[in-house]
Structure formats: C-alpha cells, structure tokens
Amino acid sequence: MDLSDSPEDAEFRARLREWLGRVLPTLPPKPSPDDWPGRRAHDLGWQRTLYDAGYADVHWQASPGIRLIFLEETEKAGAPYVGAGFVGLLHAGPTIAAEGTAEQRERWLPPVLRGEEVWCQGFSEPDAGSDLAALRTRAWRDGDDYVVSGSKIWTSHAEVADWCELLVRTDPGAPKHKGITWLAMPMDAPGITVRPLRTLAGTAEFAEVFLDEVRVPVANRVGEENDGWRVTMVTLSFERGTAFVGEVVACRRVLAELALEARSNGRWDDPVLRRRLGALNAEFRALWRLTQWNVSEAEIKGGPPGVGGSVFKLRYSQARQELYDTAADVLGDESLNLDRPWAGDRLSSLSYTIAAGTSQIQRNIVAERILGLPKGR
C-alpha cells in the first residue's frame, strides 16, 4: 500500500502549512484550564477561523487522507486543539454526516462547522462499567417525543454543551445490544442536571448528567429506533480511527523534547533510559504508519475507519502511558511539580486505557473481529 502523498494531498499540505504560518501568530492566548466558558469561546473562535478559511469541513467532508494531513500539520504547527469542539467535530458530527437524514445534517452540521454549537457525549453510565451496551437510561415514546430518565457519567464538556449525543434503552426486553437508540438531546431541556467532575489533574472537562423525564423529539433520533448500537459503532470507529491522530504527532514531539531534556540534565548517561527513548521512538513511528494504513484502507473501501482503529487505540493508550512514565524518569523529583511540562500530562495519560473503550474491550474486538476467535462464555 502506497502511504506517500498524492499530488493533490501534497498541494493541500503545502497550502495548509502556509496558511497556518500566517494565522497562528495572530491568535489570542488560551484561557486557563478552569475557565470553561472562556475555553469554549476560544475553541469555537478557532473553529470559526478554520471555517472562514475553508478548512472547517475536513473532519467529515474531506477524504480520510486529507483529514489525516490536516490533523498532522495543525499539531506540528502548534495550532489550537479542537478542545470543546471535540465531540461535535470528531464524534457526533461524523456520525450525523454518515447516518443522519438530510434535515438532520442541515440542522446540526453547519453550526458545528461555524463554531457556534458544542456537543457532549452521553454514553457511559455509573453501573455499566466498560460494558457500554449494559446502559440503563430509559426512553419511552409519548407522542412525538421520547421521555428520558437515567444518568450518565464522564460526559465530556457537558457544562458548556448545547447538544448531547445520547444513548438510551428503548426496548428493555430486547437483547442488550438490540434495544438501544441514538438521540440528539438539547442540553437546555427541562429535567437535565449537570454536575462537573474534577479530575486528578485539577480540571473539570467531565461531568455527571442526571435526566429526569427529559423530553427529546423523535425527530432527533439518528438511525432507527433500537438500531442505536450499530450507529454507536459508527461513532466509535471515528473516535478510535482518527480522533487520536494529532496526539500521536504530539507524542513524537514530546519524545524529541524529552531527549533534549535528558541531555541537558545528565539523565542521557543512563543507558536504560536511552533504550527506553529509542524503543518509544520506534513505537510511535509504527503507530503513525498504522494510522496511515487505517486511513488509506478507509479511503479505498469508503465509509468510516474499520476495526483496525481498535488495534491502534489499544497500543497507543499503552505507549502514551509509557511515554509519560519515561518523562517522569527524565524529570526526577520535578515530575511531582504539576507546573512543569509533562507532569500534568502524565496524570491524564492514566485515563487513556479507559477512555474511548477500555483496553480490555479493545482486546475483545481484536480477538473476535480481526482474529476470528470465539466469544467468551
């Protein structure tokens, strides 16, 4: 498989680099991590800048190859991260683009592209653990509405969101993977309570969300009733296939910076540390090639990235934790100072083997869908 840029890709890469070089020096500074209204405004402002320049639709209108180049080049240039726009741009938006009706695409996609609306993800639940299909939040039909009651946890950006991609159980008597429906819930609807959760790193980008007979129009259902698990697999294929691309580039940059730090503070003299840095360099180079392969395969076949995203996500999660454990060894006692570069990232890296599907779930997917092994009993 040819992983090099096509002439069209090379032209896009050069044009994007030139534009980033002109625009990035003019951007305002990023707000503090705890200022979520400010971060929302900052992140949506960056999205509007992309929209005005014609780069806003790369996450679901462009080819997978162009999407990969965009994520690679913006990360290399130090452009703002999608931040509060993460769910809308990388999860809900691509799902609606792939599975929504023409009316749904017209209603929800342009505001995300223009930097006007934020989405959050209402998938995980307190009692479901890593078994997403064990969700219990109920929804029942009442005329033209679903009435929803239950709770969600680890709801990304709920405190500043306008919409929530919500999984609900609409047929409690069906097998657990068959009775689920995917809804778009307005976050200003009566009956919604948001309780932010503060992480070990001191930020509150997650929340608990409590739903007390919240009415959601049936018109907000994406896909058919009780077909939400299939729609969810589309969402997760985007999350595991391309959502972490920029972070691989960031990790490769951090690795180079760690090598420089080790040389300056004397840790480079440790041969064990040098071997760890070398192994991580090979690891992230391989992960980047795997990403290119997954994206190229999606481009050839059409549609969202496939189960190869689970292979990537499984290994990337572990490699990221190993990277920041190595950073702690390079920093020594300074790794306990959260004001130092990489110290806070080490704390957040602990979540990566849980977020976007636990490593145990990814191993099951790889075993059953790629290797063809039988399901456990």
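Keep in mind the model is a prediction, meaning the values are calculated, not measured.

Q: Is there a simple way to explain unusual backbone geometry in this structure?
A: Excluding glycine, residues mostly have negative phi values, and the peptide bonds linking residues are mostly trans. Even without glycine at this site, Trp-154 takes up a positive phi of about 55°. Residue placement: Trp-154 occurs in the loop between strand S3 (145-152) and strand S4 (163-169). In this structure, Asn-226 takes a positive phi of about 70° despite not being glycine. The residue Asn-226 is located in the loop between strand S8 (221-222) and helix H6 (228-241) in this model.

Q: Teacher, can you tell me more about the pattern of salt bridges here?
A: Two side chains that carry opposite charge are able to pair once their charged atoms sit near each other. Counted by the stated rule, this structure contains 26 salt bridges. Linking Arg-195 and Glu-208 is a salt bridge whose minimum nitrogen-to-oxygen distance equals 3.7 Å. Here Arg-195 is found in strand S6 (residues 192-197), whereas its partner Glu-208 is found in strand S7 (residues 206-217), with 13 residues between them in sequence. Classification of Arg-195 by relative accessible area gives partly exposed; the value is 46%. Of the residues examined, Glu-208 reaches a relative accessible area of 18% and is grouped as buried.

Q: Would you explain the nonpolar core in this entry?
A: Proteins that are soluble and globular tend to have nonpolar side chains buried together. Residues Phe-12, Trp-19, Trp-46, Phe-70, Leu-258, Phe-284 and Leu-323 are the most contacted members of the largest nonpolar core, which totals 40 residues. For this core, the secondary structure elements donating two or more residues are helix H1 (7-23), helix H2 (36-53), helix H3 (64-76), helix H7 (245-265), helix H8 (271-301) and helix H9 (308-331). Setting aside anything within four residues of it in sequence, one finds Phe-12 in contact with Tyr-55, Val-58, Ile-66, Ile-69 and Phe-70. With 27 residues, the next largest nonpolar core counts Ala-56, Phe-86, Trp-229 and Leu-236 among its residues.

Q: Mind showing me how you'd approach the environment of Lys-313 here?
A: Tracing the chain through its elements places Lys-313 in helix H9. Along the primary structure Lys-313 and Leu-287 are separated by 26 residues, whereas in three dimensions their C-alpha atoms are 9.4 Å apart.

Q: Just checking my understanding: could you explain H1 for this structure?
A: Each full turn of the α-helix corresponds to 3.6 residues, which orients residues three or four apart in the same direction. Compared with the 24 Å implied by 1.5 Å per residue over 17 residues, the 25 Å span of H1 between its first and last C-alpha is a close match. Of all the residues in H1, the buried ones are Asp-9, Phe-12, Arg-13, Leu-16, Trp-19, Leu-20 and Val-23. Take H1 and look down its axis: the buried residues cluster within an arc of 135°, on one side only. Seen from the buried face of H1, the exposed residues on the opposite side, beyond 90 degrees, are Pro-7 and Gly-21. Summarising the contacts, the buried residues of H1 are in contact with H2 and H3.

Q: Looking at this structure, how should I read the packing of helix H4 (residues 86-99) against helix H5 (residues 102-113)?
A: Closest axis-to-axis distance for the H4/H5 pair is 10 Å, and the angle between their directions is 160°. For the element pair H4 / H5, the angle class is roughly antiparallel. Between H4 and H5 lies a crossing whose hand is left-handed. For the pair H4 and H5, contact is made by Gly-88, Leu-89, Gly-93, Ile-96 and Ala-97 and by Gln-104, Arg-105, Trp-108, Leu-109 and Val-112, respectively. For the contact of H4 with H5, the per-class residue count stands at six nonpolar, three polar and one charged.

Quick notes on the rules
Residues numbered from 1 in each chain as written. Predicted model: local features only at pLDDT ≥ 70, side-chain atom pairs only at ≥ 80, totals over all residues. Heavy atoms only, no water. Helix = DSSP H or I, 4+ residues; strand = E, 2+ residues; numbered from the N terminus. Salt bridge = Lys/Arg side-chain N within 4 Å of Asp/Glu carboxyl O. Buried < 20%, exposed > 50% of the residue type's maximum accessible area, 1.4 Å probe, protein only. Core = buried A, V, L, I, M, F, W, Y, C linked by side-chain atoms within 4.5 Å. Contact = heavy atoms within 4.5 Å. Expected span 1.5 Å × (residues − 1). Arc of directions from axis to C-beta. Axes fitted to C-alpha atoms, helices over the stretch in contact; angles between N-to-C directions. Parallel < 35°, antiparallel > 145°, perpendicular 65-115°, else oblique. Left-handed = near helix turned anticlockwise from the far one by under 90°. Nonpolar A, V, L, I, M, F, W, Y, C, P; charged D, E, K, R; others polar.

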